[in-house]
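Structural overview
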Amino acid sequence: MSERWPKWVYGAGEDPDYRFSFANERTFLAWLRTSLALVAAGVALDAVHLEWPRGVQVSLAVALIALGLLCAFVSWARWARSERAMRTGAPLPGFLVGAILVGAVLLIGLAILLAWT
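Now for a look at the structure at hand.

Reading the values: rules and limits
Residues numbered from 1 in each chain as written. Predicted model: local features only at pLDDT ≥ 70, side-chain atom pairs only at ≥ 80, totals over all residues. Heavy atoms only, no water. Helix = DSSP H or I, 4+ residues; strand = E, 2+ residues; numbered from the N terminus. Buried < 20%, exposed > 50% of the residue type's maximum accessible area, 1.4 Å probe, protein only. Core = buried A, V, L, I, M, F, W, Y, C linked by side-chain atoms within 4.5 Å. Contact = heavy atoms within 4.5 Å. Salt bridge = Lys/Arg side-chain N within 4 Å of Asp/Glu carboxyl O. Patch = residues over 30% accessible without salt bridge, like charges linked within 9 Å, V, L, I, M, F, W, Y side chains within 5 Å. Areas by Shrake-Rupley, 256 points an atom, 1.4 Å probe, with all protein chains shown as cover. Axes fitted to C-alpha atoms, helices over the stretch in contact; angles between N-to-C directions. Parallel < 35°, antiparallel > 145°, perpendicular 65-115°, else oblique. Left-handed = near helix turned anticlockwise from the far one by under 90°. Nonpolar A, V, L, I, M, F, W, Y, C, P; charged D, E, K, R; others polar.

Here we take up the environment of Gly89. Here Gly89 is to be found in the loop between α3 (54-88) and α4 (96-116). Gly89 sits in the exposed class, given a relative accessible area of 66%. As for Gly89 and Ala44, which are separated by 45 residues in sequence, their C-alpha atoms are 43 Å apart.

This next bit is on the nonpolar core. One finds Leu45 and Leu101 to be the most contacted residues of the largest nonpolar core, which totals 13 residues. Looking at this core, the elements with two or more residues in it are α2 (18-47), α3 and α4. Those residues in contact with Leu45 that sit more than four places away from it in its chain are Leu50, Trp52, Gln57, Leu60, Ala61, Leu64 and Ile112.

In this section: the pattern of salt bridges. Here the structure, examined in full by the defined rule, presents five salt bridges. Note that Arg4 and Asp15 form a salt bridge whose closest N and O atoms lie 2.7 Å from each other. Remark: Asp15 occurs in the loop between α1 (7-10) and α2 and Arg4 occurs in the segment before α1; sequence separation between them is eleven residues. Judged by its relative accessible area of 35%, Arg4 is partly exposed. Overlapping salt bridges bring together Arg4, Asp15 and Arg87 as one network.

A surface patch of nonpolar side chains, amounting to about 320 Å² of accessible area, comprises Leu110, Leu113 and Leu114. Locating Leu110 in the fold gives a position in helix α4. On the accessibility criterion, Leu110 (45% relative accessible area) is partly exposed.

Right, let's get into the packing of α3 against α4. Axis separation between α3 and α4 bottoms out at 11 Å; the angle between their running directions is 165 degrees. Comparing their axes, α4 and α3 come out roughly antiparallel. With respect to the hand of their crossing, α3 and α4 are arranged in left-handed fashion. Here Val56, Leu60, Ala63, Leu64, Leu67, Leu70, Cys71 and Val74 of α3 come into contact with α4, specifically with Val97, Leu101, Ala104, Val105, Ile108, Ala111, Ile112 and Ala115. For the contact of α3 with α4, the residue count by class is 16 nonpolar, no polar and no charged.

Purely geometric stuff here, so don't read any function into it on its own.
The structure is reproduced here in structure tokens:
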């Protein structure tokens, strides 16, 4: 059998019930879909012509794309930390990063709303 990657996740503990691993994987994929949606929103915001100053429109588009990239990284890191915790019987990781991402989306949404009016 070949080695599974990443080794720091799979090299510790025992395999958990496969249902928990699949649920963790589905959560990872949901985060990944969210990151793709944020990137797509940034591209769409840059592609349309709005009556905003160009710098505002580009800044908000870049912020959405950067947030999408961050979300993609966070999704993988969270999957790995959760999988390792399940394998070793440790507590699952906290969700501070989720609150930070929510705050960033709220700020960007508010900025878009203010620019729209």
